Amino acid sequence: MFEYQLNMAETVGFAIVLLLLGRWIKRKVNFFERFFIPAPVIGGTLFSIILLIGHQTETFTFTFNDDIKNLLMIAFFTTVGFSASLKILKKGGVGVALFLLAAVILVILQDIVGPVLAKALGIDPLLGLAAGSIPLTGGHGTSGAFGPYLEDLGASGATVVAVASATYGLIAGCLIGGPIGRRLMIKNNLKPTENKSGVDDSLLGTESEVTEERIFSAVVYIGIAMGIGATITLMLGKAGIKFPAYLMGMVVAAIIRNILDFNHKQLPFNEIGIVGNISLSLFLSMALMSMKLWQLIDLAVPLIVILLVQTLLMAVFAYFVTFNIMGRDYDAAVMSTGHCGFGLGATPNAMANMETFTAANGPSVKAFFIIPIVGSLFIDFINAAVIQGFATWIVANFR
């Protein structure tokens, strides 16, 4: 078998090529444009199919450097932090609580559907739990943490099931988000409602000419926030307190934003947004091009059935529950789109769904503030508690 490991520079170059290919395909194929499928999903998934062919035929394989991918993820979330003004927080406090409620309800439903279907289909209910909120709301990180835990409880292969399910969710969450948001927007004749969200336009910056100086200023702000955030994360890790790698950078960026607001100083907000969007696109391209789709093929038919039902559950939940809980307006439609990525994949997928949707239909600062806050600060802790509770109950009563 031919094997090739790409270094950091090669990985970046390859991701850019796939991103450009995804954009070209999106322009040529109306389906992708119509349903807001992100370009990096198109290009990245296309190459992952090529990797699948190489794996199945045992003729070739490629591996990629993950360092730059993680850096880009942190950079993107740091740019999100710069939108977190206290004035938005005061108005969005109820919104954060409501979306957290929607996310928790979904977690519980995912952890009911997975084990129940697994037992009905004749496999270990703990494997159904490994295809529930662990990989879907939790993502690959939670899968890596809880897969071995389920195996210790006797669920052989739980780690592979969880990681493969997370890989599936990464694709499914991106694919269903745009169509659901589009349907909600058309059916309810929705328009952007930033003023109703309590967003002060003066905090968002005004349109201005993009210059080298302003881009450099944006990079300086982002780099400083990332560096301080990384240092805090390292110090907390040594103290035994673990947070997602991107969280502290986002928090530091929010602190910087509010200090500047208090002193009536403006950020290069538009340029920060440009850097953030580029970082997100490249991150997703890298994440998707390295997917191991053969893990999905290796899943037993019952597990594929569970994942399809979980996808249907997410679509129905976003359309009927998330949209209604969040206020039935344009922001609610954007958050429903994001919840598909959030509930089946990861917070970056939610952001990608919303970025693609709002780029075509108008901004929603409320959505871009609420979802990463819930995804970073709350849901991982609550999800872990719910998983622990379900696993304990399944071992005692449902096997």
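Below you will find a few notes about this structure. This one's a predicted model, so the numbers in the text were calculated from it and none came from an experiment. For every chain, the first residue of the written sequence is number 1, and numbering continues from 1 along that sequence. Whole-chain, interface and lining totals are the exception, using all residues; otherwise, since this is a predicted model, local features are given only for residues with pLDDT of at least 70 and side-chain atom pairs are given and counted only at 80 or more. Side-chain descriptors were evaluated using all non-hydrogen atoms of the structure, hydrogens and water having been removed beforehand.

**Concerning the overall build of the protein chain**
Next, step 1: By definition, any uninterrupted DSSP run of H or I lasting at least four residues is a helix, any uninterrupted run of E lasting at least two residues is a strand, and each is numbered from the N terminus. When helices and strands are counted, the protein chain shows 16 helices and two strands.
Next, step 2: C-alpha atoms define the radius of gyration, and 2.2 Å times the number of residues to the power 0.38 defines the globule rule. A compact globule built from 399 residues would reach a C-alpha radius of gyration of about 21 Å, and the protein chain, at 21 Å, matches this within 12%.
Next, step 3: The C-alpha extent of the protein chain, read off along each of the three principal axes, is 60 × 50 × 50 Å.
Next, step 4: Burial analysis of the protein chain (399 residues in total) assigns 54% to the buried set.
Next, step 5: Contacts spanning at least 24 positions in sequence make up 81% of the contacts within the protein chain whose residues lie at least 6 apart. Only protein chains enter the accessibility calculation, which uses a 1.4 Å probe; a residue is then buried when its area is under 20% of its type maximum, exposed when over 50%, and partly exposed in between. The criterion used for residue contact is that any of the two residues' heavy atoms lie within 4.5 Å.

**Let's talk about helix α14 (residues 330–344)**
Next, step 1: In this scheme, a helix's expected span is set at 1.5 Å multiplied by one less than its residue total. With 15 residues, α14 should reach 21 Å at 1.5 Å per residue; the first-to-last C-alpha distance of 22 Å fits that figure.
Next, step 2: Working definition for bend: take the seven residues up to and ending at a residue and the seven starting at it, fit an axis to each, and measure the angle between the axes. The sharpest bend along α14 comes to roughly 25 degrees, located at Gly-338.
Next, step 3: Counting buried residues in α14 gives 15 out of 15 residues, a clear majority hidden from the surface.
Next, step 4: A side-chain oxygen of the first residue of α14 lies 3.3 Å from the backbone nitrogen of Asp-331; this N-cap is Asp-329. Any N or O atom pair separated by 3.5 Å or less is treated as a polar contact, with the protein-specific requirement of one donor-capable and one acceptor-capable atom, and with residues adjacent in sequence counted only for side-chain atom pairs.

**So, unusual backbone geometry**
Next, step 1: Not every positive phi belongs to a glycine, and Glu-58 is a case in point at roughly 55 degrees.
Next, step 2: As for its position among the elements, Glu-58 is in the loop between α3 (39–57) and β2 (60–63).
Next, step 3: By relative accessible area, which is 58% here, Glu-58 ends up exposed.
Next, step 4: In this structure, Asn-189 takes a positive phi of about 50 degrees despite not being glycine.
Next, step 5: Note on Asn-189: relative accessible area 60%, which makes it exposed.

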